[in-house]
Amino acid sequence: MNRAFNFSAGPAVLPVEVLQETAQAVLDYNNLGMSIMEMSHRSKEYDAVFKETQADALKLMNLNPEEYYVLFLGGGASLQFLMVPLNFLKNKADYVNTGAWSKKAIKEAKWVGTTNVVASSEETNFDHIPKNIPYNTDADYIHITTNNTIYGTQWREIPDFGNVPLVADMSSDIFSCPRDFSKFSLIYAGAQKNIGPSGVTMVVIKKSWLEKQKENVPTMLNYKIHVENESLYNTPPCLPVYVVGRTLKWIMKQGGLEAINQNNIKKANLLYDFFDANADFYIPRVKDKEDRSYMNICCNLPTKELEEKFVAEAKSKMQMTNLKGHRSIGGVRVSTYNACPIEWIEKLIGFMEVFMKENK
Ligand SMILES: *Cc1c(COP(=O)(O)O)cnc(C)c1O
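Throughout, a residue's number is its position along its own chain's written sequence, starting from 1. In view of the model being predicted, local features appear only for residues whose pLDDT reaches at least 70, and side-chain atom pairs are presented and counted only at 80 or more, with totals across whole chains, interfaces and linings using the full set of residues. Just so you know, side-chain values use all the structure's heavy atoms and leave hydrogens and water out.

Visitor: Explain the site of the ligand to me, using residue names and the numbers behind them.
Guide: Whether a residue is near a molecule or strand depends on its heavy atoms: it is near if one of them lies within 4 Å of it. In the vicinity of the ligand lie 13 residues, with Ser78, Thr149, Asp169, Gln192 and Lys193 positioned nearest. Counted as a polar contact is a pair of N or O atoms within 3.5 Å, where, for protein atoms, one must be capable of donating a hydrogen and the other of accepting one, and residues adjacent in sequence contribute only when both atoms are in side chains. Contacts to the ligand include serine 78, whose side-chain N or O atom sits 2.6 Å from an oxygen atom. The contact in question runs from an oxygen atom of the ligand to an N or O atom on the side chain of glutamine 192, over 2.9 Å. Against a free-state accessible area of 390 Å², the protein chains account for coverage of 88% of the ligand. Secondary structure follows DSSP: runs of H or I at least 4 residues long count as helices, runs of E at least 2 residues long count as strands, and numbering of each begins at the N terminus. A per-element tally of the shell around the ligand places helix α3 (residues 76-88) first, with four residues. The residue inventory of the shell around the ligand, partitioned by class, reads three nonpolar, eight polar and two charged. Only the protein chains shown count as cover for residues, and all accessible areas are computed by the Shrake-Rupley method using a 1.4 Å probe. The residue classification treats Ala, Val, Leu, Ile, Met, Phe, Trp, Tyr, Cys and Pro as nonpolar and Asp, Glu, Lys and Arg as charged. All others, Gly included, are polar.

Now the structure itself:
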């Protein structure tokens, strides 16, 4: 199997064994003589896949199924930007603006009601995570984005927000590291960064918070209805959920979130240490070490022309793809999600050394 070195920010690299299991299940699931895509979502066999994936997600997060429920919905993380305020913004909500995805979440909340941006790093083009956030103790909730996919910053520690329900977009670092997930009232994540293909969004919701949900929320946008129908109000994204299920099993086989985290830190630090040692050529974007993302690692080269040349040569000479930084900041972005092997990072750094010698 020829594998490109795919450093895409999303949809992104998945474990080879998950791809193989999926390829088999697409042809014939468990020798049932039908594809996983051809089965009723209410069949006994598919129901087992769905329920096990929900249970494994909670297990990995160390959450109690009595207290939390896992939904698999369509519409991407982007639909959650609207669903959260539609269900929970009664008087006012607090948002922390740490990048383009936070801004989109804020934009949707404004459709619904009073939305306070209580902290922002926009003035310095999102190069850090704001500290000492002056949140409103009477807000309906506070919303953060745990990993900023475009700008390469990450909340390593989650501050204490008292009794204000905490909502997080974890699209690009879900299941990459252990967290105290019980701090959150609602977590959502598009699957296509770290846990599966596009087409499914995982929502983890605290049951006690559901009681506070607003009345008269339209059916398909209503969390309570999805929970009451065990995430099967309508036909779920059956195949993507299957892939997420296999990926969660793979994570468990690696030793769970602690082991995955250690590996992710190792990969990221190989790159950050290399950038820091060669900071006149590979200029690290995030200077504050404690705010650096372990998932999306960004740097700039001395000129735009060199950045373009680097991305082009990485692809043509090394089969290393998707290294171009987001168009809003340029530069180089290396996405090192769970399934990215450490050998890829070592090879990439080898190429970076050669490129620097030739172009400095
Ligand atoms: C990619 C991404 C999104 C958008 O996800 P969709 O599933 O495309 O809607 C939202 N938030 C973050 C942090 C992301 O990385």
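Visitor: Can you explain the nonpolar core? Please cite residues and give values.
Guide: Buried residues of nine kinds, namely Ala, Val, Leu, Ile, Met, Phe, Trp, Tyr and Cys, make up a nonpolar core once their side-chain atoms join them within 4.5 Å. Burial classes follow relative accessibility: with a 1.4 Å probe on protein chains only, a residue under 20% of its type's maximum area counts as buried, one over 50% as exposed, and anything between as partly exposed. With 54 residues, the main nonpolar core has Met61, Ile174, Phe175, Met202 and Val204 as its most contacted residues. Looking at this core, the element that brings in the most residues is helix α7 (residues 238-253), giving eight residues. Any pair of residues with heavy atoms lying within 4.5 Å of one another is described as a contacting pair. Residues in contact with methionine 61, not counting those within four places in the same chain, are Phe175, Phe181, Ile187, Met202 and Val204.

Visitor: An account of the sheet that holds strand β14 (residues 332-335) is requested, with residue identities and associated values reported.
Guide: With antiparallel pairing, three strands are arranged side by side in an open sheet as β11-β12-β14. What marks the edges here is a single partner per strand, and that holds for β11 (283-284) and β14. Should DSSP find at least two bridges between two strands, the strands are taken to pair. Pairing geometry for strand β12 (residues 296-300) and β14, over four bridges, is antiparallel. For asparagine 296, the partnering residue across the bridge sits in β14 and is serine 335.

Visitor: Lay out unusual backbone geometry in plain terms, naming residues and giving numbers.
Guide: A cis amide bond, omega -10 degrees, links glycine 10 with the succeeding residue proline 11. Note that proline 11 resides in the loop between β1 (5-6) and α1 (16-27). Phi is positive for asparagine 216, close to 60 degrees, though the residue is something other than glycine. In this fold, asparagine 216 is placed in the loop between α5 (207-210) and α6 (223-228). Residues other than glycine seldom take positive phi values, yet glutamine 319 does so here, at roughly 60 degrees.

Visitor: So what about the packing of α1 against α7? Which residues, and what values?
Guide: One way to put it is that α1 packs onto α7 with a least axis distance of 10 Å and a crossing angle of 145 degrees. With respect to the hand of their crossing, α1 and α7 are arranged in right-handed fashion. Contact residues: Glu17, Val18, Glu21, Thr22, Ala25 and Val26 in α1; Leu239, Tyr242, Val243, Arg246, Thr247, Trp250 and Lys253 in α7. In the contact of α1 with α7, the residues fall into seven nonpolar, two polar and four charged. Between N-to-C directions, angles cover 0 to 180 degrees, with each direction set by a line fitted to C-alpha atoms, over the stretch in contact for helices. Crossings are sorted by hand: turned counterclockwise from the far helix by less than a right angle, the near helix makes the crossing left-handed, and turned clockwise it makes it right-handed.

Visitor: Describe the domain arrangement of the protein chain, with residues and values.
Guide: The source of the domain bounds is an automatic or database domain assignment. What the domain assignment lists for the protein chain is domain 1 (16-254) and domain 2 (256-359). Relative to domain 2, the C-alpha centre of domain 1 lies at a distance of 27 Å. Every contact between the two is made by 28 residues of domain 1 and, on the other side, 27 residues of domain 2. Any Lys or Arg side-chain nitrogen located within 4 Å of an Asp or Glu carboxyl oxygen qualifies as a salt bridge. The residue lysine 131 makes a salt bridge to aspartate 291 at a minimum N-O spacing of 2.9 Å. At the boundary of domain 1 and domain 2, one finds 17 residue pairs in polar contact (both at pLDDT 80 or more). Those elements that provide at least two residues to the side of domain 1 that touches domain 2 are β7 (153-154) and α7. With three residues, α7 is the single largest residue contributor to the side of domain 1 that touches domain 2.

Visitor: Any chance you could break down the sheet that holds strand β2 (residues 68-73) for me, citing the residues and the numbers?
Guide: Where strands meet in a sheet, backbone hydrogen bonds hold them as pairs that are either parallel or antiparallel. Judged by pairing direction, the sheet is mixed, and its seven strands sit side by side in the order β2-β10-β9-β8-β5-β3-β4 without closing on themselves. Two strands in the sheet have a free side with no partner beyond their single neighbour: β2 and β4 (114-120). Put simply, the sheet's adjacent strands are angled 20 degrees from each other on average, direction ignored. Examined bridge by bridge, strand β3 (residues 92-97) and β4 share six bridges and lie parallel to one another. Across the sheet, residue tyrosine 95 finds its bridge partner in β4, namely valine 117.

Visitor: Requested: an account of α1, with residues and values cited.
Guide: Residue count minus one, scaled by 1.5 Å, sets the expected span of a helix. The first and last C-alpha atoms of α1 sit 17 Å apart over 12 residues, in line with the 16 Å expected at 1.5 Å per residue. Those residues of α1 that sit buried are Val18, Thr22 and Ala25. Here the buried residues of α1 occupy an arc of 65 degrees about the axis, which is enough to place them on one side. Each element contacted by the buried residues of α1 is listed here: α7. Directions are taken from the helix axis to each C-beta atom, and the arc is the one they span.

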